[in-house]
Amino acid sequence: MQTGRVFHRDAQTFLVHLFGRGLDDERYVVERYRSRPDGEIRSVEAERPGTRGRRKPRRTIVSVSAVKKLRPERDEIIVCTGVNLARSGVQLWGLAATGLRAACNAR
């Protein structure tokens, strides 16, 4: 007897990787990246139209409660690093960005 798996299109599947001390800090710097089909990972800030070199992009700083509510898109990687505790934070990987689905399909 075999049991089938049912996959829903609207499933919000993503991988969470806590590093260092986890979410021990009060505020976090948020960086967003996109995973491309060719395996390249690019910063979302680099894809936005710039100010022609006049200013550096501002850091996005959010509270720990806002970090807990973040959800990556399928091809997105979100890295949150503590402001005061630099060795604490979390990485959120969308399903397509992890490459796990491609590994499962290769079997």
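Residues numbered from 1 in each chain as written. Predicted model: local features only at pLDDT ≥ 70, side-chain atom pairs only at ≥ 80, totals over all residues. Heavy atoms only, no water.

## Quick notes on the overall build of the chain
Defined as follows: To qualify as a helix, a DSSP run of H or I must reach at least 4 residues; to qualify as a strand, a run of E must reach at least 2; elements of each kind are numbered from the N terminus. Contacts are assigned to residue pairs with any non-hydrogen atoms lying within 4.5 Å of each other. Here the Shrake-Rupley method, with its probe set to 1.4 Å, supplies the accessible areas, and only the displayed protein chains count as covering residues.
Counting its regular elements, the chain contains 4 helices and 6 strands. N-terminal to C-terminal, the α/β element order of the chain is β-β-β-α-β-α-β-β-α-α. Sequence separation of at least 24 residues holds for 65% of the intrachain contacts in the chain that already meet a minimum separation of 6. Accessible area of the chain: about 8800 Å², with a carbon and sulfur share of 49%.

## Thoughts on the pattern of salt bridges
Condition: In the sections that follow, a salt bridge refers to a side-chain nitrogen of Lys or Arg positioned within 4 Å of a carboxyl oxygen of Asp or Glu. Throughout, exposure labels follow a simple rule: accessible area from a 1.4 Å probe, protein chains only, divided by the maximum for the residue type, with under 20% read as buried, over 50% as exposed, and the rest as partly exposed.
The tally for this structure, following the rule as stated, stands at 5 salt bridges. Arg21 is the partner of Asp24 in a salt bridge, and the nearest nitrogen-oxygen pair spans 3.4 Å. We classify Arg21 as exposed; its relative accessible area is 53%.

## Topic: the side chain of Ser88
What counts here: Under the rule applied, a polar contact is a pair of N or O atoms within 3.5 Å (in protein, one hydrogen donor and one hydrogen acceptor; residues adjacent in sequence only if both atoms are side-chain atoms).
Among the structural elements, Ser88 can be located in strand β6 (residues 88-94). By relative accessible area, Ser88 is classed as buried at 0%. There is a polar contact of 2.7 Å between the side chain of Ser88 and the backbone oxygen of Leu85. Excluding residues within four positions of it along the chain, Ser88 makes contact with Phe19, Arg21, Gly22, Asp25, Tyr28, Cys80, Thr81 and Gly82.

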